[in-house]
Amino acid sequence: MSHKIQIMLVEDEPAILRGLSANITQCSKDYEIIGTAYNGIDALEAIRTQKPDIVITDIRMPMMDGLDLIEAAREFCPDTYFVILTGYAEFEYAKRAMKLQVVDYLLKPVDPDALEELLGRLEEKLLQNSEKDIRNYLTQNLSRDSEHTVDYNPLEGSTLYFLFAFYGTVASGMYIELATGSLIARDSDYSFLDGISESCRMRIMALRGNYLNETVFAILTDSDSPVSAKEVEEAARRIHKQLFSEEVFVSCILSNPIYEGLDIPSHVRSCYLCAASHIIFGQSRFFCQNEKAPVESGYIENMTVTEETKELLKMLKPAMTPADIETLCQGLTGIWSEKDATQLQIQTDLRYALNTAARKSDSGHEISTDPAELLASSSSYEELCQNLKLEFTKLCTGHSKAADKVPHTQALAWKVRDYLDQNYTCTVTYKNFTEIFGYNEKYISYIFKEEFSISPSKYILKLRMTAAKNLMRQHPDMLLKDVAEAVGYDDQLYFSRVFKNSEGMSPKAYQKLEGEKK
């Protein structure tokens, strides 16, 4: 927690009040007595203004007894923990205290050991509640399309850093749904954070990001125990080392410090822009946001095709042999690899290359794959090269050489479609295709797009969105959390973002619109 645990004492006997106060201050330096009162009326006003974490109150007092005090204070301090202090073991008092959700009691004379044990239990509960509040606050502020609001800021007195970890490229859900990186991000074990957090004197928590193949680590430091930016970076680098994967490259970007948890959305946008502009395809890298020059939107808009790519594409012609296509794809990936090309640079070059091939080709085929999708489904230059060969084969020869080796490609495509129709609400990855159908996932994706003019990941998205709309039409009062889970999403916020991107409105707005039609 970023502040001491604040305690208020209410007792009409001064001697008991002084003794209780002395015992509490001796228990821990993290406990702070912010007020005392001799009767319920004075205590109620003090609780209203100071909102303590814990109130320890006598039951029998003049003007207003302890239970009446708790009942009145609950209206404006629902999160405060109340403890009753009494020498009476009366059943009626106990029953009423239970109804008021009193967390515990202390008997007079107060045993110091019992007091310390009680405060330790309450401190643990307060820490757990504090983490929930912080997670909720961060989740809402991380979301680019959040429809929720947070009433207060639990990060006062704290400095926040975000570490954005991407398993593969930065890509939207429609392209990354089935990719290996998304599976790794969802199923990774982050228990190692406890050791780093303890040794570095920081609070570190893992959060869901805006992309399926992304995890966001929130690193929090308190003003009471300041930590330098260098120490934060060292902790972030340790996290990055723990994220190593042989299956996909992992890129991490550490944000600039965010003081008091203010203006998080603008910091998040800046980091995403910086990540997309500087992530090197195929390389696991760590970098800090402040190491890079500020990235303006114009940088992305003015991205130009490299001269080496333009020169290589001069070999494109209406009809090309498999050897020509192999040379072209090896040449393109070689250029990007040698230059440590960023994701955005490769997408720019790819878009130009595919458009040029379609324009010069006499096959009659149109481009059916977005460059971002090609990158999202490739975890290395070798995979990217294979994917490119399939695309250029289709555009420049009118057929796939690989397709000639499998006589029943149409039947296979329909088998895949039947499988997706039955399992779209479950976790499906490209690797499942190899295990189930016996063919390389890239090949299956290719023949599926050839048959249905849509990729498997987009087809799953279409199925899920259709099912979600049907559910909301038939059950307009259904909770969005339940709708999301029913169609295959365990994260309501992510479901809301995907739905809005796909349908042009939020699911909440869709529910309202359908409700008005009835």
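If you're wondering where the values come from, they're calculated on a predicted model, not measured in any experiment.

About the criteria used
- Residues numbered from 1 in each chain as written.
- Predicted model: local features only at pLDDT ≥ 70, side-chain atom pairs only at ≥ 80, totals over all residues.
- Heavy atoms only, no water.
- Helix = DSSP H or I, 4+ residues; strand = E, 2+ residues; numbered from the N terminus.
- Buried < 20%, exposed > 50% of the residue type's maximum accessible area, 1.4 Å probe, protein only.
- Contact = heavy atoms within 4.5 Å.
- Areas by Shrake-Rupley, 256 points an atom, 1.4 Å probe, with all protein chains shown as cover.
- Salt bridge = Lys/Arg side-chain N within 4 Å of Asp/Glu carboxyl O.
- Pairing = 2+ DSSP bridges.
- Right-handed = clockwise from strand over helix to strand, strands pointing away.
- Arc of directions from axis to C-beta.
- Axes fitted to C-alpha atoms, helices over the stretch in contact; angles between N-to-C directions.
- Parallel < 35°, antiparallel > 145°, perpendicular 65-115°, else oblique.
- Left-handed = near helix turned anticlockwise from the far one by under 90°.
- Nonpolar A, V, L, I, M, F, W, Y, C, P; charged D, E, K, R; others polar.
- Core = buried A, V, L, I, M, F, W, Y, C linked by side-chain atoms within 4.5 Å.
- pLDDT = per-residue confidence, 0-100.
- Phe/Tyr/Trp six-rings, centres within 6.5 Å; stacked < 30°, edge-to-face > 60°.
- Lys NZ or Arg CZ within 6 Å of the ring centre and 35° of its normal.

K.L.:
Is there a simple way to explain the overall build of the protein in this structure?
P.N.:
Scanning the protein for helices and strands turns up 24 helices and 11 strands. A burial count over the protein gives 51% of its 518 residues as buried. Relative to all contacts within the protein whose residues are 6 or more apart in sequence, the contacts with residues 24 or more apart total 73%. Working note: accessible area of the protein is about 24,800 Å², and carbon and sulfur atoms make up 49% of it.

K.L.:
What is the right way to read the pattern of salt bridges from this model?
P.N.:
Think of it this way: side chains of opposite charge can pair up when their charged atoms draw near. In the structure shown here, the tally under the stated rule is 12 salt bridges. Here R48 ties to E45 by a salt bridge, and the two come within 3.6 Å at their closest N and O atoms. Residue R48 and its partner E45 are both found in helix α2 (residues 40-50); the two are separated by 3 residues, about one turn of the helix. Judged by relative accessible area, E45 falls into the partly exposed class, the value being 44%. A salt bridge links K449 to E391, with the nearest nitrogen and oxygen atoms 3.6 Å apart. Of this pair, K449 sits in helix α20 (residues 441-452) while E391 sits in helix α16 (residues 381-397); the two residues are 58 residues apart in sequence, bridging distant segments of the chain.

K.L.:
I would appreciate a short explanation of the pairing of strand β3 (residues 54-58) in the present structure.
P.N.:
On a regular strand, each side chain points to the face opposite its neighbour's, so the side chains alternate between the two faces of the sheet. Of all 5 residues making up β3, 5 are buried, and the element is well covered by its neighbours. Of the two faces of β3, the one carrying I54, I56 and D58 and the one carrying V55 and T57 are both buried. Across 4 bridges, the pairing between strand β1 (residues 5-10) and β3 is parallel. Note that in β3 the partner of I7 across the bridge is I54. As judged from the 5 bridges shared by β3 and strand β4 (residues 81-86), these two strands associate in the parallel manner. Its bridge partner lying in β4, D58 is registered against L85. Where the polypeptide runs from β3 across helix α3 (residues 66-73) and back to β4, its parallel neighbour, the crossover connection is right-handed.

K.L.:
How do you make sense of helix α24 (residues 507-517) when you look at a structure like this?
P.N.:
Quick reminder: α-helices carry 3.6 residues per turn. Residues three or four places apart thus point the same way. Of all the residues in α24, the buried ones are P507, Y510, Q511 and E514. End-on, the buried residues of α24 take up no more than an arc of 100°, which puts them together on one face. Those residues of α24 that are exposed and angled more than 90 degrees off the buried face are K508, K512 and E516.

K.L.:
Any chance you could explain the packing of α16 against α20 here in plain terms?
P.N.:
For any two helices packed against each other, the geometry comes down to the angle between their axes and how far apart the axes lie. The N-to-C vectors of α16 and α20 enclose an angle of 25°; their axes lie 11 Å apart at closest approach. Here α16 is positioned roughly parallel relative to α20, judged by the angle of their axes. Here α16 runs over α20; the crossing is right-handed. Here α16 contributes E383, N387, L390, E391 and K394 to the contact with α20, which in turn contributes K442, Y446, K449 and E450. Looking at side-chain class alone, the contact of α16 with α20 contains 2 nonpolar, 1 polar and 6 charged residues.

K.L.:
Whenever I open this one, the nonpolar core confuses me. Can you help?
P.N.:
One broad rule of soluble globular proteins: the nonpolar side chains tend to lie buried together. L138, F162, F164, L243, W336 and F392 are the most contacted members of the largest nonpolar core, which totals 80 residues. The dominant element in this core, judged by the number of residues it contributes, is strand β6 (residues 158-167), at 8 residues. Setting aside chain neighbours within four positions, we find L138 in contact with L155, L160, F162, M205, L207, A218 and I264. Within the second largest apolar cluster, 37 residues are counted, among which are L212, F452, L463 and A484.

K.L.:
Can you walk me through the confidence of the model for the protein in this structure?
P.N.:
In low-pLDDT regions, the fine details of the predicted coordinates are not to be read closely. Confidence in the prediction of the protein, expressed as mean pLDDT, is 81, and 86% of residues score 70 or more. For the stretch residues 399-407, pLDDT sits under 50, and the model shows 13 contacts to residues farther than four places along the chain or on other chains.

K.L.:
Would you take a moment to explain the packing of aromatic side chains for this structure?
P.N.:
The description of an aromatic ring pair rests on the distance of the ring centres and on the angle between the ring planes. Within this structure, the stated rule accounts for 16 aromatic pairs. Ring geometry for F162 and F164: centres 5.7 Å apart, planes at 50°, overall tilted. Neither residue differs from the other here; F162 and F164 are each classed as buried. Their ring planes at 70° and their centres at 6.2 Å tell us that Y190 and F192 sit as a pair that is edge-to-face. Cluster of aromatic residues (ring-pair linked, three or more members): F162, F164, F166, Y211 and Y272. Note that R417 overlies the ring of F452, its terminal NZ or CZ placed 4.7 Å from the centroid.

K.L.:
Honestly, the environment of Q474 in this entry has me stumped. Any pointers?
P.N.:
Within the secondary structure, Q474 is located in helix α21 (residues 456-474). Judged by relative accessible area, Q474 falls into the exposed class, the value being 54%.

K.L.:
Can you walk me through the side chain of T221 in this structure?
P.N.:
The residue T221 is located in strand β8 (residues 214-222) in this model. Those residues in contact with T221 that lie beyond four places of it in its chain are G157, S158, T159, M202, V227 and V232.

K.L.:
Looking at this structure, I do not really get the sheet that holds β3. What am I missing?
P.N.:
Sheets are built from strands paired through backbone hydrogen bonds, the pairs being either parallel or antiparallel. Taking strand neighbours across the sheet as the criterion, the 5 strands line up as β2-β1-β3-β4-β5 in an open arrangement whose pairing is parallel. Unpaired on one side and paired on the other, β2 (31-37) and β5 (104-107) mark the two borders of the sheet. Direction aside, neighbouring strands of the sheet carry axes that sit 20° apart on average. With respect to the sheet, helix α1 (residues 14-27) is in contact with β1, β2, β3 and β4, its orientation differing from that of β2 by roughly 170°.

K.L.:
Explain the packing of α21 against helix α23 (residues 492-503) here, please?
P.N.:
Two elements in contact, α21 and α23, have axes whose closest approach is 11 Å; the angle formed by their N-to-C orientations is 100°. In terms of orientation, α21 lies roughly perpendicular with respect to α23. On the side of α21, the interface is formed by L461, M465, A468, K469 and M472, while α23 contributes F495, V498, F499, S502 and E503.

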